[in-house]
Structures are given as C-alpha cells and as structure tokens.
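One letter stands for each residue in the lines below.
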Amino acid sequence: MMRRLIWLGLLCCLLGKLASAAPPTLEPVTVQLKWQPQFQFAGYYAALEYGFFHEEGLDVTLVPGGSDIAPLIEVMEGRADYAIEAGDLVYYRLQGKPVVALASIFQHSPAMLMTEGKAGLRTPHDLAHKRIGMQVGGQPLVEIAAMFVNEGVTLDALALQPNRPGMTALLSGQVDAEYGYMTSEPFFNQQAGRDIHYIQPITYGVDFYGDTLFTSERHLEEHPAQVAALRRAVVRGWQYALENPDDMITVLLKRYPQLNREALQFEAARIHELVKPDIVKIGHMNSERWRRMADTFVKLGMVKDTSKLDGFLYDPDQKPDYRWLWWVLGGFGVVALLGFVGSGMVAWFNGRLQEKNTLLQHSVTAQQASEQLLQESQRSLQSLIGNLPGMAYRCHNDADWTMEFVSEGCEALTGYPAEWLIASQRLTWTHLIHPDDRAGVTATVVKASSARHPFQLSYRIQHRSCEWRWVWEQGHCVAYDAAGEPLMLEGLIMDITSQVDVQQKLQQAKEQADTATRAKSIFLANISHEIRTPLNAVTGLAQLLQQESLQGKQRDYAEKLHSSSRLLLGIVEDVMDFSCIEAGEVVLRPVPFNVRGILQSVRHIVQDAVTAKGLAFRLEVQDAIPAVLVGDPLRLSQVLNNLLINAVKFTNKGSISLHVSLQAQKADKVRLHFSVRDTGIGIPANQRESLFEPFVRIDSGEHEAVKGAGLGLSISRHLVELMGGAISVESIPGVGSEFAFSADFGCEAASTLLPDAPTPAADTAQTLLTGARILVVDDDALNLMICTELLRIFGCVTEQAENATQARGALMANTFDLVLMDIEMPGMTGDALTRQLRTNPRWQALPIIAMTAHASTTIREHCLASGMSDYLAKPFEVAQLRAMLVRWLAERASHD
C-alpha cells in the first residue's frame, strides 16, 4: 500500500513538471471594431501585429464594422467580447444596458457638421430651419444635438434628415449640412477642391469622448484578468501606433491595399490631436466628464436621470482578488496530511504559487507605473492650466463666489495674487464686478445653473490699477445638493478689453460711415434737383430752337446742344442711382405689367439711334412667356436701356438684337432670360473682369471717344441681383458681344392688368391739344417760359402761376382742362396744394401732373399719393410732354 502511494506521488510530480513546461494556451477573444479598417483603429492592429495581445495570453480577432453592424448588439448578444463605441456608450448605460467603459482612446470627438462655403452657413444659428443630416436610426446624433441646444437652437427648429456617409447628399442639395468626421472628410474635400465649412461641437462647449473600448458587466465579472490584460495590450498598441504612425500605415496598407496612404497620414495627424498622448494618459477616463455627458442626454430629454451610472467606468488600478489562493493552500495542506498526493503535488502547488506571486509583483509594478504616469499627467495638467489665456477657477455658488481654486492667470487678469481670492481671504470676486453689471451676471449664472446649462457672459471688472476691464466668462455648475440646488461652479475668465475696444471703434466708425452716407445721399438728391432745374432750361431751349426753321450750322448747333444736354442728364441719373444703391435705398416695387409692352418701349427708345447708324434691330420673344407678369417694369426697362444703348454705342455696322426666353416656370413664378447681342467692336478679355465695377468704362480704342460716368453696367448688375438673377458677358474683339441676365417675376392673370389706353391718331391728338386750357405752375421764370412756349406750339391756351396762391386764384377764376404743377415752390409746395384742391369736388377730376426736377421713385410715389394724376421729371422731351398731355386730355374728354 505504501509503495503505491509513493508511485502515485512520483506520477503526480512528473505530471506537474510536464504541465509547467508546456506552453500556455492563448485565450480566444473577439473585438468588434466600429467601422472599416483605417487609422482610427491603428492601436488595435499594432497590438495584433507586434504580439502585444499574445504576450498577455490572448488570441484576438479584430472584426471590421459597417453601417449594418451595431457594436453594442454584437457584445450584448455574445458575438463579440469587446467593442468600440463613441460617446453614445453612456446613453446605452443610462438606458439600462449592462455595458462597462474600459478605456477612452479619443479624449475628444472628431464629430462635426459640414456646409458648403457658398451657402454662408457658419454657425448653429445659421442652420435654424435648415435640413441637417444628423439622424441615425431615427434618433438625432446626441453630440450635434447638444451643440444646437447649447446655442439656444431647439431641435424643433431643425429639419432633421438621415445621415448619409460621404458628400453626395450635401453636394446634390438634398441637405444643407451633413454629419462627418474631422479625421477624414477634410482631406478628401481638399483633394477634390471643394469649399466646405466645418462646424465642431467642441467650439460651442460640447466636448464628448471619442472611441471608447467597452465590454459587458457579465464578461468583466467572469474574466477580470482577461479584461485587464486586453486593456494593457490595447494601451501599448496605441502608444506604438502614435509614436510610429508611418510604420502602422505600412502595416494597414499591407493588410488592406485599397486604403490611401495620404489619407491615412492625414488621419494619423488628426487622431494624434484627439488622443493627446503627451498630455493625457492613453485610455484615461474622467468620471465627472462622463457624468456631464450623461447630463446632456437628460437635457435633451432622451433619458430621465443619471442614476444608472454607478459601475459604468472600469478601474484598471483595482487589486486582484487572491482569496481563492488561500483555499487552494488549505486544500493542499489537507491533501498533504492525508498523504494522497505526496511531494509531487506539493511541488505543483509551489509552482502555481510562484506564478501567482509573479503576477502579484507585476501588478504592483504596474500600479507604481500607473501612479508615476498619474503624477506626470497632473504636472502636465497644471502646466496646461497655467498657460491658459485667462483665469481658471472653481468656486462656491454663493453671493461672493467664494473661490476654492484660482489659476495663476489671476494676477495677469486682475492685478491681485491668486491667494487673495482663495476662500475670500482678502478679496471677493463679486467685489471686483462693476456695480452696474452685478445683477445681470448673477441672474445669468443662476438661470443657467438651475437649468443645468453652461453659461457665457461678458462684463466689467476693476483691475488693481483701478481701471475697468472687460472680461468674457464661460462656466457651468459641477455639483448640486440633494434638492438640486447648484453648489459648485467651474469655468474660465478671459480679458477681452482690447476686443471690446476694437468693436466699439468699429461701431463708431460704422455709425460715422452711415451718417456720411446719409449726408451724401441728401447732398446728391439736393444737387441733382439743382442741376436738373437749369438743365431743363438748356434742354427745353434746345428743343425750342429745333422747332424753328433753322438751317445749316444753326440746326447742327441746336441738335448738338440737345444731344449734350441728354448725355449730361444720363450722367446725373446714373450718379443718383449709384448713390441710392450705396445707401441701400434701392428697392423693387412690383406691379402687374405687360412684358411685351415694356420690350416695345425700350425698342422705340433706341430705334432712332439704330436707324441713324444704319443698323438692323431684331426683337425675339418666346411665345410661351405669359403676357402679364408682376415685377418692377421701371427697373427692368432701366437695365435693358443700359444694355441696348451700350450696344448701339459700340456697334458701327451689322445688327443689334434683343432675345427673351422662358428659362423656368412654376405655378406663380417665372424666370426669364434676356440677351442683348451686337456685332460691335467687342471687349478685350482683360476688361471683362472689372466691367461691372463702378466707374469702369469700356475702352473703344480708336473708334470713338468713350462717354458717360461708367456707372450703367454697375447699376444694372445691382438691379438684376435685386430681381433674383445674375448678369454676364461674352465677347470676341472685332466680332461682337453678348450681355445676358436672368430675372424672376410673378405670374398674374391677364385680366388683372388694365389694358393700355389706345394712343389717339395724330389728327385726333392735335384736335385734343388745340385750344386746351392749361395752367402752368412753376416758380422758375425760365422753366415757366419754356413750358408755356412748348404748349403754345402744341396749340394750347396757357395761363401761368408762380406759386400756390396764384395757382389757387387762377383756378377759382377760370376753368382749366389740365394743370402742370411744380413741387418745390416757396410757401406751399405743389403736392400740398394738390391735396387741398382734391378736397373740393370742383377739382377732384381735374388732371394735375407733377412737373419737377426731383426724379426719384420715392418722390414719384409721394406725388401720386398726394392726389396728383401723373408725374413728369425735368428735363423732359417734347414728345414725352405731348404724349402725356394727349393721354390725359383724351381721358378727360371721355368722361365729359
């Protein structure tokens, strides 16, 4: 019996030696990646490639992710032991999912929104009521949603759309902003030459962790040693990947040749900034920061509370549990006493004990290294806080803001040492705030803290030098009592005095510029009136001379005098329009109008000049264009006149054509395309870029002297833009030019537009004019004489009045068929007299036509609102005056 026991002991000893000599078995482990292979997972591939997993006794399989793979589901359903997830991981925990965060690899999230640069959408406020591609699985991406809420833009104010990876949805106009990552999209956009603007949540106070390694509570309980080993290997892998990015890029390209080296290099640089290995230990997790992230989900209404956070964060420094070892030793003693295993079993247990002791030593060494890294991290954090451009603080939420911590920037900000403010030993922060700002500061902080929102505000503090300085503060409440009342505040305060000074100076400069612009506009309006009054005399006298039987040089002189006066009038009108554009006073006044009538009118304006040069003129209008449109016919005519007059000016042979076509049509809106073509001298390429700038004139070479102020095309461009379009030019020197523009108009039934009154025949018109009694009211004797003389030539019977008193007396004494009324007169103005006359039934139907040197649209509308029948701007052509008289005399005759 004893011999058998001895042999049994020797056999156990031999088996123990064999077992200890055999290579350890690797534990199979599956890690589910969040997305496809890229540098985002370089640390895991490094641990796999260089054996860090094997050294920890792990046989790890990395499983790539995709749009149809949810890392959470893979872990919860047991298909993966570990996985990677972003800041949404804490949301799953708050929902009751038993997940445990093991290591946050990215200290900051790469999430952002992209907008096209040409759209001008630069901030969350710009995106209100816009289409945002930030929904995944029907839920908004929390980090982006928190950014909007922090900026006061509710999710109800957004048109949320599903997130589509890539740029297709944004570039095709399906969305106004699209979700993406700063680690990849900027590279591809830059490569494609796209103008893209990036809006990052971190800029607006939302700072989530990025990729985080996690597992389930059950797996942690069943395999604590494996969890610790995997985490160590992952941290080593990321340290290697960040220190040797080019090596890891080569490894990734070897495994996945379809990847782009330059894109991986760009991504590696961005990820280094997100991980910040020089400042924060890789994998470090701050419980308070996770809790603030959890508060974000509460604020968004996605969860009700944060009570399920306990146990969410894994503690890598937790000591291993060796209580089972004592049970083994106890069992060994029992076996030894009973003598069933002999000395071989003792040796086996000694080997296991030695192995566990080695593990314990490794654990102690790891703890010491961890403590050293923690100290280095604290030193780095202190250095970072010390170098902040301002003062970081932590204080009690009381009336004095009693400081518990103040950074070294305090003295630069306030002039006082930091220790003066700690626990209010010699000074309180509230004491430094300007008395006029204290109530507002307190109200802002109380409101934000009670709502668990961060706060931002600007106010003044008194420096030790007794000067007042502007500061900007951003902070939030970090601790609440059991009743939910704010206890502790943290934040950063910066000196913005120089920025405020610059802003105030800019505001003063803007106000001065606005005042100067208004003064210039008033001056130009006045000078325009003063110029147009004598210019009316010049034009009128020239037209009177042309009515005489002049011959030879005398007729030539009169024609040139008239032509020059019209040119001067055009310059005055362009300067006036340009000054109104600069002052922002030009607006469209849409009314129903007959588009073909407008086109015929502009044709008649240039027809004489076209005929004089022997040119052909073609007007082509597409049949599909509605007859009646809603827009500003005066501004449309002005643009077409400018383009046609320029075309005639620079064309000496060939033709001029005006083409109008329907570019687009909706139920209540059309877009027309206008094109003015000529066979003139053309425009050199070096002049086309500046052609639409103010005061730029086309160089006609040796053909003819350039006339005008160089404002016509600049004014036309602005008017076209007001009409919702754009103007362009194509030209070949020596062949010709084409000016084209598009404009938007409303549609209206033809019946809503009153038909134009038929133009009386020539003999009928003369019959109406002959013997017509007309009262001319004007305080300028020369203008009064010219107008009276023109009316005499028409065959009218006239009476004159120099002011409102004389005009009222003449109207009381006689009966008139029509009144030509000046506006600016001493005493009562012409419009005031008209309002008074319209109160008397005797003169309610009397045609009263404003005849004034004020030529703005505003003055015209003012005259019509006062009761005047029509408006004639000085200087005027004889044909204009005659046509207006005939029309109103004919209308009066039809009512009699």
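Just so it is clear, the structure is predicted and the values come from calculations on it, not from any experiment. (Residues numbered from 1 in each chain as written. Predicted model: local features only at pLDDT ≥ 70, side-chain atom pairs only at ≥ 80, totals over all residues. Heavy atoms only, no water.)

1. Side note on the pattern of salt bridges
Filter applied, for reference: Each salt bridge in this description consists of a side-chain nitrogen of Lys or Arg and a carboxyl oxygen of Asp or Glu lying within 4 Å of one another. A helix here means a DSSP run of H or I that spans at least four residues, while a strand means a run of E at least two residues long, and both kinds are numbered starting from the N terminus. The buried label goes to any residue with under 20% of its type's maximum accessible area, the exposed label to any with over 50%, and the partly exposed label to all in between, with areas taken from a 1.4 Å probe on protein chains only.
Under the counting rule described, the total for this entry stands at 23 salt bridges. Linking Asp-744 and Lys-669 is a salt bridge whose minimum nitrogen-to-oxygen distance equals 3.8 Å. Residue Asp-744 is found in strand β23 (residues 736–747), and its partner Lys-669 is found in strand β21 (residues 669–678); the two are separated by 75 residues along the sequence. Residue Asp-744 is classed as partly exposed on the basis of its relative accessible area of 21%. Residue Lys-669 is classed as partly exposed on the basis of its relative accessible area, which comes to 40%. Arg-671 is the salt-bridge partner of Asp-744, the closest N and O atoms lying 2.7 Å from each other. Residue Asp-744 is located in strand β23, and its partner Arg-671 is located in strand β21; the two are separated by 73 residues in the primary sequence. Through salt bridges with shared partners, a single ionic network connects Glu-74, Glu-77 and Arg-79.

2. Some remarks on the confidence of the model for the protein chain
Let me state the cut-off plainly: Think of pLDDT as the predictor's per-residue confidence, scored from 0 to 100. In what follows, a contact means two residues having at least one pair of non-hydrogen atoms within 4.5 Å.
On average, residues of the protein chain score 82 in pLDDT, and 80% of them are at 70 or above. pLDDT under 50 marks residues 320–329. Its contacts with residues more than four places away, or in other chains, come to seven contacts. With pLDDT under 50 throughout, residues 750–757 is counted as low confidence; its partners more than four residues away or in other chains account for five contacts.

3. Brief notes about the sheet that holds strand β16 (residues 486–495)
Note the threshold: The pairing criterion for strands is at least two bridges between them, as found by DSSP. The axes are straight lines fitted to the C-alpha atoms, using for helices just the contacting stretch, and the angles between their N-to-C directions are given from 0 to 180°.
The five strands are arranged β13-β12-β16-β15-β14 in an open sheet whose pairing can be described as antiparallel. Across the chains shown, the open sheet's two edge strands, defined by having one partner strand only, are β13 (403–406) and β14 (455–462). The average undirected angle you get between the axes of adjacent strands in this sheet is 25 degrees. The pairing of strand β15 (residues 468–480) with β16 spans nine bridges and is classified as antiparallel. Along β16, the bridge assignment pairs Gly-475 with Gly-491. The strands that helix α19 (residues 435–450) touches are β14, β15 and β16; relative to β14, the one it contacts most, it runs at about 155 degrees.

4. Notes on the nonpolar core
Filter applied, for reference: In plain words, nonpolar cores are sets of buried Ala, Val, Leu, Ile, Met, Phe, Trp, Tyr and Cys residues tied together by side-chain atoms within 4.5 Å.
Residues Phe-39, Tyr-44, Ile-105, Leu-230 and Trp-238 are the most contacted members of the largest nonpolar core, which totals 45 residues. Counting residues per element, this core draws most heavily on helix α10 (residues 224–243), which supplies nine residues. Discounting residues that sit within four places of it in the chain, Phe-39 has contacts with Trp-238, Ala-241, Pro-245, Met-248, Ile-249, Leu-252, Leu-264, Glu-267, Ala-268 and Ile-271. Grouped together as the second largest cluster of nonpolar side chains are 44 residues, Ala-80, Ala-83, Ile-144 and Ala-294 included.

5. Description of the sheet that holds strand β11 (residues 212–216)
Across a sheet, strands are paired by hydrogen bonds formed along the backbone, either parallel or antiparallel in direction. Read from one edge to the other, the open sheet built from five strands follows the order β2-β1-β3-β11-β4, with strand pairing classed as mixed. The outermost strands of the open sheet, each flanked by one partner alone, are β2 (58–63) and β4 (99–104). This sheet shows a mean twist of 30 degrees between the axes of neighbouring strands, independent of strand direction. As defined by bridge partners, strand β3 (residues 82–85) adjoins β11 across three bridges and the pair is classed as antiparallel. The residue bridging Glu-85 from the neighbouring strand is Thr-212, located in β11. Seen against the sheet, helix α2 (residues 42–49) touches β2, β3 and β11 and runs at an angle of roughly 140 degrees to β2.

6. Notes on unusual backbone geometry
Here the phi dihedral of Trp-401 falls at roughly 55 degrees; this positive angle occurs in a residue that is not glycine. Tracing the sequence through the fold places Trp-401 in the loop between β12 (391–396) and β13. For Arg-452, which is not a glycine, the phi torsion comes out positive at approximately 60 degrees. Position of Arg-452 among the secondary structure elements: in the loop between α19 and β14. Arg-452 gets classed as partly exposed once you look at its relative accessible area, which sits at 43%.

7. Describing the environment of Lys-130
Tracing the backbone through its elements, the reader meets Lys-130 in the loop between β5 (111–116) and β6 (131–136). Along the backbone, Lys-130 and Ala-157 are 27 residues apart, and their C-alpha atoms lie at a distance of 8.1 Å. When neighbours within four sequence positions are excluded, Lys-130 is seen to be in contact with Leu-121, Ala-157, Leu-158, Ala-159 and Asp-176.

8. A few points about the environment of Met-488
Topologically, Met-488 is positioned in strand β16. Taking the C-alpha atoms as reference points, Met-488 and Glu-404, separated by 84 residues in sequence, lie 9.2 Å from one another.

9. Focus on the packing of helix α27 (residues 781–794) against helix α31 (residues 878–895)
Stated precisely, the cut-off is as follows: In a left-handed crossing the near helix is turned counterclockwise from the far helix by less than a right angle, and in a right-handed crossing that turn is clockwise. Residue polarity is assigned by list, with Asp, Glu, Lys and Arg as charged and Ala, Val, Leu, Ile, Met, Phe, Trp, Tyr, Cys and Pro as nonpolar; anything else, Gly included, falls into the polar class.
Remark: α27 packs on α31, axes separated minimally by 11 Å, with the N-to-C direction vectors making an angle of 65 degrees. For the pair α27 and α31, the sense of crossing is right-handed. Where α27 abuts α31, its residues Leu-790, Leu-791 and Phe-794 lie against Val-878, Leu-881, Arg-882 and Leu-885. Tallied by class, the residues present in the contact of α27 with α31 amount to six nonpolar, no polar and one charged.

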